[in-house]
Every structure is written in C-alpha cells, then in structure tokens.
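Descriptive analysis of the structure
What follows is the residue order along each chain.
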Number of protein chains: 2
Amino acid sequence: MAGRISLAHGEGGELTHQLIQEVFIQSFGHGEQARLDAAVIPCFSGKMAVTTDSYVVDPLFFPGGNIGKLAVTGTVNDLAVTGAVPKVLTAGFMIEEGFPVSDLKKIVKSMAAEAETAGVSIIAGDTKVVERGSVDGIFINTTGIGAIGEKDLNPAAVKKGDAVIITGTIGDHGIAILSARQQLGLLTDIKSDCASLNTLLNQLIQQTEGIRVMRDLTRGGLATGLVELCEDFSISIELNETSIPVHEEVEGACEILGFDPLYLANEGKAVIIVDSKEADKVLQLLHSHEFGKNATLIGLVASISEKAGKLKLKTPVNTTRRLTRLSGMLLPRIC
Amino acid sequence: MAGRISLAHGEGGELTHQLIQEVFIQSFGHGEQARLDAAVIPCFSGKMAVTTDSYVVDPLFFPGGNIGKLAVTGTVNDLAVTGAVPKVLTAGFMIEEGFPVSDLKKIVKSMAAEAETAGVSIIAGDTKVVERGSVDGIFINTTGIGAIGEKDLNPAAVKKGDAVIITGTIGDHGIAILSARQQLGLLTDIKSDCASLNTLLNQLIQQTEGIRVMRDLTRGGLATGLVELCEDFSISIELNETSIPVHEEVEGACEILGFDPLYLANEGKAVIIVDSKEADKVLQLLHSHEFGKNATLIGLVASISEKAGKLKLKTPVNTTRRLTRLSGMLLPRIC
C-alpha cells in the first residue's frame, strides 16, 4: 500500500479495507469472534471491569516505548488495579492525513506484541483519518474489559495502620518523555517504565490476603493518585518521603528542571494498600518479579473517618506537610 | 468553572477533577459501579458484543444532531445490528485547548439524553486535552458492550431468494453534513437521520423469525455496506434501483453536486436480510415505528457460493451494473 495515510483510508471504502487487511489484521489477526459491526465473545461469570483511555502522548516514540505500547499497558493496568484479569481490548485510531504508514505499522506491531505479553486480545477496532492539521499525528483510544474473579479487592476493610506499598521507582515515564522532547536539552538514560502489571498484580491478589485497594499512577503522579484514594475511601495516609524510591537520574533531572517526582507520571507503577500483617509477604512477592523488584513500603494509613481524606508527607527533617492534587499545568500530553 | 478548556483540565490534577465533577458527572451521573480506575458491572449471561468507534465529525453541530448524539447512536447501532441489546458505553474525550466549556456541556448533555433514549449507561470515561492546533475541537471515542440473547441472528441460514430490506431513506446524514458545512452553498431542510435503532431492531429479532443478518449503513453508504456483506457471507445481492427510498431533496442535492446517494453516509438506517416468507411481517413491524416508517424491500439474494460476493444494481432501464466499494475520497469526517 501507499507510503502515507490519505483521507480516503478513513472513508470506509476500498482503501479502508486495504488498510485494515494489510496493517491491522496483519498484526492483530482477524479473530474468530469478529462479526461485521462488533466482536462477539462469551460472557465471563461474575463481575466485569470496564475502562477506557485515550492516548495522545507527544512524542509518539520515546525511550522505553511508543504510543501503541502505552495504549495497551495503560488500559491493562487500569483493569489490573481494579482487581480484574484483563481479557479483551478495543482500539480506535484517529490518524492525520499524511501520517507515514511505516510508523503506523510500528505502532500497531508494538500494540500486538504488548497485548500478547499481557495476555489480552484486541477484538474490535476503528480507524478515522482527518485532514492535515486536524490531529497531531495519531491518537489512540483503547477500551478494556476484564473479569473479576472470586477473590476481589476489599476496600471496605481498610483500617488504621494498613501498609502503603509502591511497586517501584517514581517519575521514570515523565522524565523519559521530557528527555525525548529534546527541546529541554535533557540527556538521561531513563526509560519510560511503561509495562503491563496485570500478571504481577493478579498473582498478588491470588497469593495473598488482605489487599484493600490498588491504584496505578499515571497523570498527576503518586501524590495525585493517593489524594484521590484518600478522598474516595475517607482515609488519611502518611507517607515517609525518604522511603519513596526515585532513580538518581530522575532525582537529578527534577532538581535541574524544578519538577517534583511526586507529581511526575508513571506508566508501570501501582500503589497497594494492604493489611500490615501481610506487607512483608506482598513485598517478597513483588521483589521476585521484574516489575516489582524496587517495591517499597512508603507509608501507612494514619486514620479513617468521614473527616479524613488527607495525604501527608513526613519530610527528611521530620516535619509533616499536606500534599494536594497536582494543580496547574506540569506536562501536557504525557500519555 | 472557566469558560474555556485549558491544558490543565487534562493533567489529571485539580482542574481535571473539577471538569469531571461539573461537566461529566453532572450529565452522566457517578454510577454505583464506579471504582477509581474502571467501572465494575455484573456479567451478562450468554454472549456479549463489543464495538468501538471514534467520532471526528465536522462540523460538531449539524441539523438533526451533534457529535455527542452521534457518538451514542453510532455505537448503539453497531451493537444492535449485531443482534445485541446495547447495555453500556464508555466515552473518551480528546479536546483542544481553548474549546468552549459551554459547547462541551451541550455535547455531553446530548450524549446523556441519547443514552437515556437508547437505554444504555455511560459507565466509564476519560478526558485528554491537547494544545491548540493538535486536534480540531473535539474527538469522541465510544465503546459499547451489549448482550446477545437466546434469539440470535442466523447468517449461516442465508439462502437464494432472501429479501433485502432497508429501514428508510438513504443519504440524509451525508447531505445534512454537507449542508452544514455551508461552504458548499447548499440549502436544504434535510436533517441527519442519526438515531438509535436498538429498540426497533431488538424488537424485530424478538418478534420475527428468519432474520439472517443486519448491517447499519454509515461511511461508504448502502453500496459499501452491502458489498462488505456480500463478501463476508459469500452471497450475491441484486438491488432494484427504483425501489431504493431517497428523499427528493437528497436526490436533488446529489444531482447538483454529483454525488451518488448509494455511497452517502447514513446514521440511522440498517439493511436487513430475511427469509422472504417473513419479509411482509418485517416490513409491517418496521412501518409501525418512527425510525422504520419508510422501510422498503430493495432487493434479493441472487446467489450463494464461494464465487459469489457481488453486489448488482438493476437500473430503471433494466440493465444491471456491478457496484463496488466506495473508492477514493467522497466526504471526509462525515462521522
């Protein structure tokens, strides 16, 4: 097929057919379950989790991944932290006229490879093409469906003293994107942490007891993710700043650029709130896995009440300050 | 909140939180089923249909609808023609910095209203904001999940002589969009036919026998939709051109502009292939419904074989020509 995407590739006619055959079916397969307008799959039993995310990351290719890999890992992780086993994804592509077909193929191949790694099938898709200047390159939406098994999270059981664990270092994705944008003149070896955490987190739910809630940390970083947790479950959390794992290079880049790693995006990290009695076992399991080897206990649930909902940070000099959501603009199009 | 969307509304921090509270939850509700990262709902029994579609229509507001209404009807219809009862939708918004909040509210309200009409819940969402010029206004992705009941379509039973029925006039959406673009100087009263067909089609499946397959006709129009059906099910169809219902104004606009209504987009029309013995009953049921009142028998399945797969059109002068997929560019960003 041609070297660049044209408007006619999005018109639903002959060229759309060709694009689907030569790019999408090539990587994703046709699927037994495909009917013309929708995919048909057997229902799971129990409950299902459904999530959607659009990816507009700039640049499209960055150290450690690209928009296609990210579009799979991000949605897989949203399902995994909800306690679900991710099963199927849909993919919607919005492409700019003139976009190189070779880049599209690379992106689609990354999606297929990451879907295989995560054990999910991409069962339905859609492509739109818009005029030059009406979208910046390519945006991708993925929507995911997962099955919640008999062993579920138990947020209602959260209690004072519960452990707050993070699965690894924070801020890697944010700094990798900044570095890829080059205009900031930042040279680091930091790669995005984007990874599918479902195998790790599903295993954790199956092999331990007392996991209350999990959350993946994307836009807004660790601080914003925990503030939302605190508000949603009426708990207060106290973090210990010196315990929070940060790559030396991320720390260095943050100092130069004036960023706070607590607010930088991550794409392969989750926080886990668990009964303190099980914390050691959870850490041990995390440490045995590639994506959990830097897992650390970073804080505790300090109180529970209608009036709770606060995130506090104990600093190295033993003072305590309250953390709020990210406010104002830090890094647009980070994912 | 502010009058225009800013990049910070898409950062996942305080302003994103405000946008979700004041615009999305206001219209869509919070939902009992919402967890932080995904919605959790009971699984259906049997099979489920899953479909995804992104909407990039230009202009955003047009006679008969807007991008929000379209994003619901389009995805609902993809599920309905698959034989499913649409149950839930997700909504992903990609918004340009500077987009008027008042327009966003109008769009979101239309989505909520149409979802109510169609009987579906919008259970999960996502918002991204990109810099001015990186997207044209707003794009919306909706992904839908529906339940396939015990009574399903039966494409395997399709046979020679089966009736091909269309639920109403063709080309209305295409001409409404062209007319709304104004630059074509086209003045007609034609409104987009965008409508949720699920009640009509679900009822049809329940109350009749012998429905083989259904298809909604969007990009590429009636001709492209039927060519795909012919190829996918190895059947040949012969259409009777004089039977195909077209609004006089659509016919007139097509003559002036040189368009063929057979290739114009529709957003509230389906073709139904049904056992000829049941055709009268199907037409009768369709005629009793607002969205089926102009339903017409437009052709027959002419042959079935590995070598079939052709769409033929009998013209008013009794010659027969073969119709192919839409080729080349007709109307970008029609949906």
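Predicted model, so just to flag it, every value in this text is computed and none were measured. (Residues numbered from 1 in each chain as written. Chains lettered and ligands numbered in written order. Predicted model: local features only at pLDDT ≥ 70, side-chain atom pairs only at ≥ 80, totals over all residues. Heavy atoms only, no water.)

1. Remarks on the interface of chain B and chain A
Interfaces are often sized by the amount of accessible area the parts lose when they come together. Counting from both sides, the interface comprises 78 residues of chain B and, opposite them, 78 residues of chain A. Between chain B and chain A, a total of about 6200 Å² is buried, with carbon and sulfur atoms accounting for 58% of that surface. The tally of links between chain B and chain A comes to eight salt bridges. With its nearest N and O atoms 3.1 Å apart, the salt bridge here joins A:Arg219 to B:Asp126. Linking chain B to chain A there are 29 residue pairs in polar contact (both at pLDDT 80 or more). By the bridge criterion, four bridges tie strand S1 (residues 39-42) of chain A to strand S2 (residues 47-55) of chain B in an arrangement that is antiparallel. When the bridges of S2(B) are listed, A:Pro42 appears paired with B:Lys47. (Contact = heavy atoms within 4.5 Å. Buried area = accessible area lost by both parts, 1.4 Å probe. Salt bridge = Lys/Arg side-chain N within 4 Å of Asp/Glu carboxyl O. Polar contact = N/O pair within 3.5 Å; in protein donor to acceptor, adjacent residues only side chain to side chain. Pairing = 2+ DSSP bridges. Helix = DSSP H or I, 4+ residues; strand = E, 2+ residues; numbered from the N terminus.)

2. Quick word on the domain arrangement of chain A
All names here are of chain A. Taken domain by domain, chain A comprises domain 1 (7-148) and domain 2 (155-323). On a C-alpha basis, the centres of domain 1 and domain 2 stand 28 Å from each other. Domain 1 puts 22 residues into the contact, and the matching count from domain 2 is 22 residues. Note on domain 1 versus domain 2: buried area summed over both sides is about 1700 Å², and carbon and sulfur give 58% of it. Taken as a group, Pro-63, Asn-77 and Val-81 account for 32% of the area that domain 1 buries against domain 2, more than any other trio of residues on that side. The interface formed by domain 1 and domain 2 contains zero salt bridges. In this assembly, domain 1 and domain 2 are joined by nine residue pairs in polar contact (both at pLDDT 80 or more). (Domains from an automatic or database assignment.)

3. Looking at the packing of aromatic side chains
In this description, a pair of aromatic rings is defined by centroid distance and the angle of the planes. Using the criterion set out here, one finds four aromatic pairs over all chains in the structure. Taking 6.3 Å as the distance between ring centres and 25° as the angle between the ring planes, the aromatic pair formed by A:Phe24 and A:Phe28 counts as stacked. One end of the pair is A:Phe24 and the other is A:Phe28, both in helix H1 (residues 14-28) and four residues apart, which spans about a single turn. Take A:Phe24: its relative accessible area is 8%, and that puts it in the buried class. An angle of 35° between the planes, with centres 4.7 Å apart, marks the rings of B:Phe24 and B:Phe93 as tilted. A residue pair is termed long-range when its members are at least 10 positions apart, and B:Phe24 in helix H1 (residues 14-28) and B:Phe93 in strand S5 (residues 84-96) qualify at 69 residues. Each member of the pair, B:Phe24 together with B:Phe93, is buried. Connected via pairs of aromatic rings, a cluster forms that spans A:Phe24, A:Phe28 and A:Phe93. Lying across the ring of A:Phe61, A:Lys106 places its NZ or CZ 5.5 Å from the centre. (Phe/Tyr/Trp six-rings, centres within 6.5 Å; stacked < 30°, edge-to-face > 60°. Buried < 20%, exposed > 50% of the residue type's maximum accessible area, 1.4 Å probe, protein only. Lys NZ or Arg CZ within 6 Å of the ring centre and 35° of its normal.)

4. Observations regarding the side chain of A:Asp193
Residue and element names in this part refer to chain A. Inspection of the secondary structure assignment puts Asp-193 in the loop between helix H4 (172-180) and helix H5 (198-207). Taking the relative accessible area as the measure of exposure, Asp-193 reaches 11% and is therefore buried. A polar side-chain atom of Asp-193 sits 3.2 Å from a polar atom in the side chain of Lys-269.

5. Thoughts on the pairing of strand S14 (residues 320-323) of chain B
All names here are of chain B. Pairing geometry for strand S13 (residues 311-314) and S14, over four bridges, is antiparallel. Across the sheet, the residue bridging to Lys-312 is Arg-322, located in S14. Between S13 and S14, which follow one another and run antiparallel, lie five residues, and Asn-318 among them has a positive phi close to 70°.

6. Thoughts on the relation of the copies chain B and chain A
Of the transformation superimposing chain B on chain A, the axial component is 0.0 Å and the angular component is 180°, with the fit at an RMSD of 0.0 Å. Such a combination of turn and shift is consistent with a two-fold rotation axis. Rotation axis and chain B: the residue whose C-alpha lies nearest the axis is B:Val135, separated from it by 2.1 Å. Of the residues that chain B buries at the interface, 100% are likewise interface residues in chain A, meaning the two copies contact each other through the same surface. (Least-squares fit on C-alpha atoms with pLDDT ≥ 70 in both.)

7. Quick notes on the pattern of salt bridges
Residues and elements named next belong to chain B. For the structure on display, the rule yields 36 salt bridges over all chains. With a shortest N-O distance of 3.7 Å, Lys-106 and Asp-103 are connected by a salt bridge. Highlighted residues: Lys-106 and Asp-103, both in helix H3 (residues 101-118), separated by three residues, approximately one helical turn. Among the ionic pairs, Lys-269 bridges to Asp-172, the shortest N-O distance being 3.9 Å.

8. Examining the pairing of strand S11 (residues 270-274) of chain A
Every regular strand shows the same layout, with side chains that alternate between the two sheet faces. All names here are of chain A. For S11, a buried count of five out of five residues is recorded, marking the element as mostly surrounded by other parts of the structure. Across the two faces of S11 the burial is the same, with Ala-270, Ile-272 and Val-274 and Val-271 and Ile-273 all buried. Relative to S11, strand S8 (residues 163-166) is paired through four bridges, and the arrangement is antiparallel. For Val-164, the partnering residue across the bridge sits in S11 and is Ile-273. Taken together, the five bridges between strand S9 (residues 211-216) and S11 define a ladder with antiparallel strand orientation. Its bridge partner being in S11, Asp-216 is matched across the sheet by Ala-270.

9. Remarks on the sheet that holds strand S9 (residues 211-216) of chain B
Residue and element names in this part refer to chain B. On the basis of which strands lie adjacent, the open sheet formed by seven strands has the order S9-S11-S8-S12-S10-S13-S14 and mixed pairing. The open sheet has two edge strands, S9 and S14, and neither has a second partner. The mean inter-strand angle of the sheet, taken between neighbouring strand axes irrespective of direction, is 25°. (Axes fitted to C-alpha atoms, helices over the stretch in contact; angles between N-to-C directions.)

10. Remarks on helix H6 (residues 221-233) of chain B
Residue and element names in this part refer to chain B. When the terminal C-alpha atoms of H6 are compared, their 19 Å separation across 13 residues agrees well with the 18 Å that a helix rising 1.5 Å per residue should span. Restricting attention to buried positions, one finds in H6 the residues Gly-221, Leu-222, Ala-223, Thr-224, Gly-225, Leu-226, Val-227, Glu-228, Leu-229 and Cys-230. The first or second residue beyond H6 is Ser-234, which carries a positive phi of 50°. (Expected span 1.5 Å × (residues − 1).)

11. So, the nonpolar core
Counting 48 residues, the largest nonpolar core has A:Phe93, A:Leu104, A:Met111 and A:Ile138 as its most contacted members. Those elements giving two or more residues to this core turn out to be H1, helix H2 (67-81), strand S5 (84-96), helix H3 (101-118), strand S6 (121-130), strand S7 (138-148), H4 and helix H7 (248-257) of chain A. With eight residues, H3(A) is the single largest residue contributor to this core. Taken together, domain 1 (7-148) and domain 2 (155-323) of chain A each give at least three residues to this core, which thus spans both. Those residues in contact with A:Met111 that lie beyond four places of it in its chain are A:Phe28, A:Gly68, A:Ala71, A:Val72, A:Ala91, A:Phe93, A:Ile122, A:Ile140 and A:Thr142. If you look at the next biggest cluster of nonpolar residues, it comprises 47 residues, including B:Ile5, B:Leu19, B:Ala71 and B:Cys335. (Core = buried A, V, L, I, M, F, W, Y, C linked by side-chain atoms within 4.5 Å.)

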